[in-house]
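Residue-level listing of the chains:
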Amino acid sequence: RQEEELARYRREAAALAENRQLLQSLLDSRDEALCLLDAEGQVLAANRAAHRSLGREHGHLDGRSLVDLVPQAQRPALQAALERMEDAESDAFALIRDDGAHLDARLSRWSEGDGLIVLAIAEARAPEAAGGAQAGPPALDPPGGFAASG
């Protein structure tokens, strides 16, 4: 009986690993920087473009809390944005990387996953490209968003 349970466990673990590889391949096939988050903001998967956009080596986002990637003073604002996702379809905000690069970020509910959130990241648009208007979405913590720690 114990051997049957162990064999079943190994089959299920192999199937999960295969599903994980498929998800990662699908994410990596996208040019847009994407992260899949749980409701608390833990990164479940992130594509190569997201790692590049956030200045991280590939694989260094998975399993980390998005909230832990920002300075302490900015964490309450990001946590509030994640909490707003309980009642919202999406929420946009600005990110400022350690190197000063401005990024636009958008949290969106993933329709296929119960409580899962997609984080999309893009280079911030230049003010000229926006017709002189403020570029990108509003910052989480005025006046300028937050910087991901390196």
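Rules and cut-offs
Residues numbered from 1 in each chain as written. Predicted model: local features only at pLDDT ≥ 70, side-chain atom pairs only at ≥ 80, totals over all residues. Heavy atoms only, no water. Helix = DSSP H or I, 4+ residues; strand = E, 2+ residues; numbered from the N terminus. Contact = heavy atoms within 4.5 Å. Areas by Shrake-Rupley, 256 points an atom, 1.4 Å probe, with all protein chains shown as cover. Salt bridge = Lys/Arg side-chain N within 4 Å of Asp/Glu carboxyl O. Core = buried A, V, L, I, M, F, W, Y, C linked by side-chain atoms within 4.5 Å. Buried < 20%, exposed > 50% of the residue type's maximum accessible area, 1.4 Å probe, protein only. Arc of directions from axis to C-beta. Pairing = 2+ DSSP bridges. Axes fitted to C-alpha atoms, helices over the stretch in contact; angles between N-to-C directions. Polar contact = N/O pair within 3.5 Å; in protein donor to acceptor, adjacent residues only side chain to side chain.

A. Quick look at the overall build of the protein chain. The number of helices and strands found in the protein chain is three helices and five strands. Helices and strands appear in the protein chain in the N-to-C order α-β-β-α-α-β-β-β. Look at the contacts in the protein chain between residues 6 or more apart in sequence, and 44% of them connect residues 24 or more apart. With the model as given, the accessible surface of the protein chain reaches about 9,100 Å², and the carbon-plus-sulfur share is 50%.

B. Representation of the pattern of salt bridges in the model. Scanning the model with the defined rule gives five salt bridges in all. Ionic pairing is found between Arg84 and Asp91, a salt bridge with its closest N-O pair at 2.7 Å. The shortest N-O distance in the salt bridge between Arg109 and Glu89 comes to 3.5 Å. Taken as a pair, Arg109 in strand E4 (residues 102–109) and Glu89 in the loop between helix H3 (75–84) and strand E3 (90–96) lie far apart in primary sequence, 20 residues in all. Through salt bridges with shared partners, a single ionic network connects Arg1, Glu5, Arg8 and Glu12.

C. Just the nonpolar core, in detail. In terms of nonpolar packing, the biggest core is built from 25 residues, with Leu37, Leu61, Leu107 and Leu119 touching the most fellow members. Those elements that place two or more of their residues in this core are strand E1 (33–37), strand E2 (43–46), helix H2 (48–53), H3, E3, E4 and strand E5 (117–123). Residues Leu27, Leu36, Ala45 and Leu116 belong to the second largest nonpolar core, which totals six residues.

D. Here's a closer look at H3. Taken together, the buried positions of H3 are Ala77, Leu78, Ala81 and Leu82. For H3, the angular spread of the buried residues around the axis is 140°, confining them to a single face. Residues of H3 that are buried sit in contact with E1, E3, E4 and E5.

E. Just the sheet that holds E4, in detail. Pairing is antiparallel in the open sheet, where five strands are placed in the order E2-E1-E5-E4-E3. Among the strands making up the open sheet, the edge pair consists of E2 and E3. Within this sheet the neighbouring strands show an average axis-to-axis angle of 25°, counted without direction. The strands that H3 touches are E1, E3, E4 and E5; relative to E3, the one it contacts most, it runs at about 160°.

F. Fine view of the pairing of E3. Across the seven residues of E3, six count as buried, placing the element largely inside the fold. Bridging between E3 and E4 involves seven bridges; their strand directions are antiparallel. Residue pairing for E4: Asp91 is matched across the bridge by Leu107.

G. Up close: the environment of Gln42. Tracing the sequence through the fold places Gln42 in the loop between E1 and E2. Spatially, the C-alpha atom of Gln42 lies 5.5 Å from that of Arg64, the residues being 22 residues apart in sequence. When neighbours within four sequence positions are excluded, Gln42 is seen to be in contact with Leu36, Leu37, Gly63, Arg64 and Ser65.

H. A look at the side chain of Asn47. Examined against the element boundaries, Asn47 turns out to sit in the loop between E2 and H2. At 2.8 Å, the side chain of Asn47 and the backbone oxygen of Glu32 are in polar contact. Among the polar contacts listed, one links the side chain of Asn47 to the backbone nitrogen of Ala50, at a separation of 2.9 Å. With residues near it in sequence (within four places) discarded, Asn47 still touches Gln24, Leu27, Asp28, Arg30, Glu32, Ala33 and Leu34.

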